[in-house]
Amino acid sequence: MGAEEREDDHFIIRWDYHPNQTNAVNFRYTYFDPSRTIPRVQLLNSRSWIGGQKAYSGAWTMSAPTWSNELRGGLNSTTFIRQDALNRDGIMGAYLDGWDSQQSRLFGKDGDTLTLENVIATTKGDHSLKFGGIYQWQRGNRVSNGTPRCFYDTAAQIIGNVPTRCFYRFGKKPKYIYNWQVGGFLQDDWRVSSKLVLNLGLRYDYYSVITVEDVAFFIPVLPFGMNFRSPVNYY
């Protein structure tokens, strides 16, 4: 049947820059790209997993004797795909007298997360103040489909491409999901005395309603209550 194959690519790039004593900038890029292929009973229909993650992040820090400011941001993108070889090559599945090419499907997911955050800290007498805000945006997607699979009673039917019946799996239409979040906070570490420090704070976060966006997908009306949302047999 063959051997399982794996391959991983992973590397990190980092850059730090200090233009002066009060400013610092850094950037980080992370790349991760694993892949895996496993053999199956039918050698022409192996199954593969591919995908990976890309992450970008950066920060800018400014400082002074009585205050500091830090601005941070990042973007993470993740992709995952599981696919059978016949699906990749656009080849229809077949069944004949115990011989089966097996199912041929594609399933994939991907998503992105964007984050921006700023924090300011300062000292006023007995008070150590810190306040800031955050914004986050997220997107997700998934897709699933499969190639047709036909059944034949004789080899002549395969040669003539005359199946006895076929099984169609139209899968699920792509679906995009979005949401976003904003938040802010205020924190005060108040030194009342040498033996007492009060940690006071207030935080507010708002989360948007999740938005679902369906990609246009043609679903014809069929007789007898049949539809393409689930597997259908035609004889």
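Look a little higher up for the structure.
Read on for a plain summary of the structure. Small disclaimer: the values here were computed from a predicted structure and weren't measured. (Residues numbered from 1 in each chain as written. Predicted model: local features only at pLDDT ≥ 70, side-chain atom pairs only at ≥ 80, totals over all residues. Heavy atoms only, no water.)

Section: the nonpolar core
Then comes step 1: Counting five residues, the largest nonpolar core consists of Ala94, Leu96, Cys150, Tyr152 and Cys166.
Then comes step 2: With residues near it in sequence (within four places) discarded, Cys150 still touches Met92, Gly93, Ala94, Tyr95, Pro163, Arg165 and Cys166. (Core = buried A, V, L, I, M, F, W, Y, C linked by side-chain atoms within 4.5 Å. Buried < 20%, exposed > 50% of the residue type's maximum accessible area, 1.4 Å probe, protein only. Contact = heavy atoms within 4.5 Å.)

Structural notes on the side chain of Asn87
Then comes step 1: Looking at the secondary structure, you find Asn87 in helix α1 (residues 85-89).
Then comes step 2: Reaching out from Asn87, the side chain makes a polar contact with the side chain of Asn145 at a distance of 3.3 Å.
Then comes step 3: Aside from chain neighbours lying at most four places away, what touches Asn87 is Ser104, Arg105, Leu106, Asn145, Gly146 and Thr147. (Helix = DSSP H or I, 4+ residues; strand = E, 2+ residues; numbered from the N terminus. Polar contact = N/O pair within 3.5 Å; in protein donor to acceptor, adjacent residues only side chain to side chain.)

Notes on the state of the cysteines
Then comes step 1: Following the criterion strictly, the structure yields one disulfide and no others.
Then comes step 2: What pairs with Cys150 in a disulfide is Cys166, and their sulfur atoms sit 2.1 Å apart. What sets the handedness of the Cys150 and Cys166 disulfide is the S-S torsion sign, and at about 100 degrees it is right-handed. Pair noted here: Cys150 is in strand β9 (residues 149-152) and Cys166 is in strand β10 (residues 165-168), with a separation of 16 residues, a long-range link. (Disulfide = S-S within 2.5 Å.)

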